[in-house]
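What the coordinates show
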Amino acid sequence: MSDDVLTHIPALRLFARSLTGRYGDADDLVQDTLVRAISSAASYTPGTNMRAWLFTIMRNRFYNDRVKRARERPGAEDCVSGQPSSPDGQYWHVRGREIEAALMGLPPAYRQAVVLVLVTGESYQAAGDILGVDIGTIKSRINRGRRLLQVALGEEV
């Protein structure tokens, strides 16, 4: 592989967080993605966009796992152990949580487009390739996603 896979880990973590909604699950998804990428290194075409290839592996892995979990319900997700014991007092931490909640409240198609382009810095074309849609669809999803975020955060324009 021509690129260093390790340089893409921060972007992979951001995208995984947008998919899973939990830090631990996101780290597991990144690890699974990297293991799958290393084991499938022979299928990578040198000179192509490795970042997009890794994002595609991650997205496919996430949805495959989601289907599997829907069939196998091991326990309740609203367990008390997953809730914070005391609220944080810092404004920016709270605001960050509000933004994160608003982002996670977006429909998945909008959230994925917003995270890929606005958070990880992917181009519209690369995001379209990763998600398997046209560039116009990506632009539309980002525009609608921004508006939904503004409404959710009480910053209507």
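This report concerns the structure included in the present document. Quick caveat: nothing in here was measured; it's all calculated off a predicted structure. (Residues numbered from 1 in each chain as written. Predicted model: local features only at pLDDT ≥ 70, side-chain atom pairs only at ≥ 80, totals over all residues. Heavy atoms only, no water.)

Along the backbone of the protein chain there are 7 helices and 0 strands. Relative to its full complement of 157 residues, the protein chain shows a buried share of 32%. At a minimum sequence separation of 6, the contacts of the protein chain that also span at least 24 residues come to 65%. Approximately 10,000 Å² of the protein chain is accessible, and the part contributed by carbon and sulfur atoms is 52%. (Helix = DSSP H or I, 4+ residues; strand = E, 2+ residues; numbered from the N terminus. Buried < 20%, exposed > 50% of the residue type's maximum accessible area, 1.4 Å probe, protein only. Contact = heavy atoms within 4.5 Å. Areas by Shrake-Rupley, 256 points an atom, 1.4 Å probe, with all protein chains shown as cover.)

Let us look at the environment of D4. By secondary structure assignment, the location of D4 is in the segment before α1 (9-20). Since its relative accessible area comes to 44%, D4 is described here as partly exposed. For the pair D4 and M50, spaced 46 residues apart in sequence, the C-alpha separation works out to 9.0 Å.

The next thing to look at is the pattern of salt bridges. Think of it this way: side chains of opposite charge can pair up when their charged atoms draw near. Following the criterion strictly, the structure yields 5 salt bridges and no others. In this structure, the salt-bridge partner of R61 is D32, at a minimum N-O distance of 3.9 Å. Here R61 is found in helix α3 (residues 50-71), whereas its partner D32 is found in helix α2 (residues 23-39), with 29 residues between them in sequence. For R61, a relative accessible area of 24% corresponds to the partly exposed category. Across the pair R51 and E122 runs a salt bridge, and its minimum N-O distance is 2.3 Å. Remark: E122 occurs in the loop between α5 (108-119) and α6 (124-131) and R51 occurs in helix α3; sequence separation between them is 71 residues. Judged by its relative accessible area of 23%, R51 is partly exposed. Through salt bridges that share partners, D32, R61 and D65 make up one connected network. (Salt bridge = Lys/Arg side-chain N within 4 Å of Asp/Glu carboxyl O.)

With that out of the way, let us pick up the packing of α5 against helix α7 (residues 135-152). In a packed pair of helices, the relevant descriptors are the angle between the two axes and the axis-to-axis distance. Their axes nearest at 8 Å, the elements α5 and α7 cross at an angle of 100°. What the angle tells us is that α5 and α7 run roughly perpendicular. Of the residues in α7, those in contact with A109, Y110, A113, V114, V117 and L118 of α5 are I138, R141, I142, R144, G145, R146, L148 and L149. Here the contact of α5 with α7 is composed, by residue class, of 10 nonpolar, 1 polar and 3 charged. (Axes fitted to C-alpha atoms, helices over the stretch in contact; angles between N-to-C directions. Parallel < 35°, antiparallel > 145°, perpendicular 65-115°, else oblique. Nonpolar A, V, L, I, M, F, W, Y, C, P; charged D, E, K, R; others polar.)

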